[in-house]
Amino acid sequence: MRIPMIAGNWKMNTTVSEAIELVKAMQDELDKIANVDKVICPPFVSLAAVRELIKGSSIKLGAQNLFFAEKGAYTGEISPLMVSDLCEFVIIGHSERRQYFNETGEIVNKKIVAALKVGLKPILCVGERLEENEAGKTEEVVTEQLGSSLAGIGYINGLIIAYEPVWAIGTGRAATGEQANETISLIRRNIAKLYSDGIAQNMRILYGGSVTAANATEFMKQPEIDGALVGGASLKATEFLSIVTQTSAIK
Ligand code: PGA
């Protein structure tokens, strides 16, 4: 049985006080929902304050990135240990990082290794760009991303994958439930090939890209989809809560 998961990727939004307000606005209601893992990923600067606030709550915390080196002279970077001190999860390889910060498959791979080493649960993001989708290359791109991100990694306990077609992120143009289900099923087959059937069957694979309260049910009804990585809609307490509530009712 895979426990469904809804993760909110707040991206570069909210000051510390705004982050606290947002958590306060949904914490009590989220705590009433037991059968879904509820994860929020605020910016680094708010992690410590949010962690204090959610002590004793069922809400879990994630970071949006980390650097792969253990420590040292890397001005401005955040180490795996710093993240694992505060969080259970970390988003790795988000398409915005690949696009704006030149994160390659090799870098993503190093980050996954570093995260697993300190016991973090990485949420590895993969997904094709619009032109790749239109050229019918989704399978090829996603397979390549999985292969390079996980190259040489034998132990992936706790790893979560988020299938996020780049053309659906922040565009209001979500994939259909069926499209997402199909690619997620392909990802699961790939994991089975790279690891084992058992690992693939137990792995949680999320869909991300313009998930809202209005379309959440369409995705959660799909058998291969274990939850969602939510960007824009996770910044509104009522939207996020509605997505979690719908997931809880279906899964
Ligand atoms: P979105 O972002 O929900 O705003 O499309 C999803 C993501 O980037 O994780």
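Up top is the structure these notes are about.
For the rest of this paragraph, the subject is helix H7 (residues 138–149). Taking 1.5 Å of rise per residue, the 12 residues of H7 would be expected to cover 16 Å, and the 16 Å separating its terminal C-alpha atoms lies within 8% of that figure. Among all positions in H7, only Thr138, Val141, Val142, Gln145, Leu146 and Ser149 are buried. The buried residues of H7 occupy an angular sector of 130 degrees when projected down its axis, which confines them to one face. With respect to the buried face of H7, the exposed residues turned more than 90 degrees away are Glu139 and Glu140.

What follows covers the pairing of strand S2 (residues 37–41). Burial within S2 is extensive, with 5 of its 5 residues counted as buried. Where burial is concerned, the two faces of S2 agree: the one with Asp37, Val39 and Cys41 and the one with Lys38 and Ile40 are both buried. Handedness of the β-α-β unit built from strand S1 (residues 5–9), helix H1 (residues 16–31) and S2 comes out right-handed. Pairing analysis gives 2 bridges linking S2 to strand S3 (residues 60–63), with the strands arranged parallel. Paired with valine 39 across the two strands is lysine 60, which belongs to S3. Taken together, S2, helix H2 (residues 44–53) and S3 constitute a β-α-β crossover, and its handedness is right-handed.

This next bit is on the nonpolar core. Ranked by internal contacts, the top residues of the largest apolar core, which has 63 residues, are Ile6, Ile40, Ile112, Leu150, Ile161, Ile187 and Tyr207. The leading source of residues in this core is helix H8 (residues 177–194), at 6 residues. Counting residues in hydrophobic clusters, the runner-up holds 12 residues, among them Met5, Val39, Phe89 and Ile160.

Calculation rules
Residues numbered from 1 in each chain as written. Predicted model: local features only at pLDDT ≥ 70, side-chain atom pairs only at ≥ 80, totals over all residues. Heavy atoms only, no water. Helix = DSSP H or I, 4+ residues; strand = E, 2+ residues; numbered from the N terminus. Expected span 1.5 Å × (residues − 1). Buried < 20%, exposed > 50% of the residue type's maximum accessible area, 1.4 Å probe, protein only. Arc of directions from axis to C-beta. Right-handed = clockwise from strand over helix to strand, strands pointing away. Pairing = 2+ DSSP bridges. Core = buried A, V, L, I, M, F, W, Y, C linked by side-chain atoms within 4.5 Å.

Spatial relationships are all this shows, so hold off on functional conclusions.
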